[in-house]
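Inside the fold
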Amino acid sequence: MPHISKNKLRDSILSRLDKEFNSVIKQASPKIRAAIMSEILTPTEKIMFAKRLLLILMLRKKVPDFTITRLLQMSPSTVARFSLKAESGKFPKTGAWLESNQGQNRLFKIIENLLLLPFEARKKSLSRLISDIENL
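Residues numbered from 1 in each chain as written. Predicted model: local features only at pLDDT ≥ 70, side-chain atom pairs only at ≥ 80, totals over all residues. Heavy atoms only, no water.

**Observations regarding the overall build of the protein chain**
Assigned secondary structure in the protein chain consists of 8 helices and 0 strands. For the protein chain, the α and β elements follow one another from N to C terminus as α-α-α-α-α-α-α-α. Counting the 136 residues in the protein chain, one finds 25% classified as buried. A separation threshold of at least 6 residues defines the contact pool for the protein chain, and within that pool the share at least 24 residues apart is 49%. Here the protein chain displays about 10,100 Å² of accessible surface, and carbon together with sulfur accounts for 58% of that area. (Helix = DSSP H or I, 4+ residues; strand = E, 2+ residues; numbered from the N terminus. Buried < 20%, exposed > 50% of the residue type's maximum accessible area, 1.4 Å probe, protein only. Contact = heavy atoms within 4.5 Å. Areas by Shrake-Rupley, 256 points an atom, 1.4 Å probe, with all protein chains shown as cover.)

So this is what it looks like as structure tokens:
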């Protein structure tokens with residue numbers, strides 16, 4: 001998990017940061033938005049972001065928490081926390097976007113193929129499974 005500073009920001013500053021972040025997301029073109037995210041996110045943050053997107057997609061597809069934990073190599077507590085949030089309707093726009101765009105994205109195709117594998121994940125790491133699928 002990325003490091004979070006112990007120095008807490010005031011709520012007014014957090015609110016302003018949130019507005020500025022949303023402004024970048026809304027106003028930048030897709031190409032510029034991708035460049036900005038590529039520049040400012042660390043490799044760890046990119047992986048965490050991608051895993052969270054895949055986690056939400058897998059929860060919407062009713063993949064069992066245990067399977068998600070094993071495939072994405074996430075802690076059971078993280079998967080359970082996201083599962084509870086998803087059940088209470090916390091990711092409606094993210095989930096809907098993921099489902100509507102998964103056919104256009106190579107990563108989603110790989111994950112979809114992963115979900116079709118019959119519990120082979122118990123014996124292989126996620127990286128090896130992805131490698132096996134890419135070689136099909």
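**Concerning helix α5 (residues 76-87)**
Counted at 1.5 Å a residue, the expected span for α5 with its 12 residues is 16 Å, and the 16 Å between its end C-alpha atoms agrees. Looking at α5, one finds that the buried residues are Thr-78, Val-79, Phe-82 and Ser-83. Viewed along the axis of α5, the buried residues span an arc of 135°, placing them on a single side of the element. Away from its buried face by more than 90 degrees, α5 exposes Pro-76, Leu-84 and Glu-87. Phi turns positive, to about 80°, at Gly-89, one or two residues after α5. (Expected span 1.5 Å × (residues − 1). Arc of directions from axis to C-beta.)

**A closer look at the pattern of salt bridges**
One pass over the full model with this rule turns up 2 salt bridges. Across the pair Arg-16 and Glu-20 runs a salt bridge, and its minimum N-O distance is 3.6 Å. Here Glu-20 and Arg-16 lie together in helix α1 (residues 11-27), a separation of 4 residues that amounts to about one turn. In this structure Arg-16 comes out as exposed when scored by relative accessible area, which is 55%. A salt bridge links Glu-99 to Arg-60, with the shortest nitrogen-to-oxygen separation between them at 3.2 Å. With Glu-99 in helix α6 (residues 92-101) and Arg-60 in helix α3 (residues 43-60), this residue pair connects regions lying 39 residues apart in the sequence. Residue classification places Glu-99 among the partly exposed residues on the basis of a relative accessible area of 36%. Residue class for Arg-60 comes out partly exposed when judged on its relative accessible area of 34%. (Salt bridge = Lys/Arg side-chain N within 4 Å of Asp/Glu carboxyl O.)

**Examining the packing of helix α4 (residues 65-72) against α5**
The contact between α4 and α5 brings their axes to 9 Å, and the two run at 130°. By the criterion of interaxial angle, the relationship of α4 to α5 is oblique. Taken as a pair, α4 and α5 cross one another with a handedness that is right-handed. Residue-level inspection shows Asp-65, Ile-68 and Thr-69 of α4 in contact with α5, the latter providing Pro-76, Val-79, Ala-80 and Ser-83. Tallied by class, the residues present in the contact of α4 with α5 amount to 4 nonpolar, 2 polar and 1 charged. (Axes fitted to C-alpha atoms, helices over the stretch in contact; angles between N-to-C directions. Parallel < 35°, antiparallel > 145°, perpendicular 65-115°, else oblique. Left-handed = near helix turned anticlockwise from the far one by under 90°. Nonpolar A, V, L, I, M, F, W, Y, C, P; charged D, E, K, R; others polar.)

**With respect to the nonpolar core**
Side chains of nonpolar character tend, in soluble globular proteins, to be buried together. Counting 15 residues, the largest nonpolar core has Leu-55, Met-58, Ile-68, Leu-72 and Phe-82 as the members making the most contacts within it. For this core, the secondary structure elements donating two or more residues are α3, α4 and α5. The dominant element in this core, judged by the number of residues it contributes, is α3, at 6 residues. (Core = buried A, V, L, I, M, F, W, Y, C linked by side-chain atoms within 4.5 Å.)

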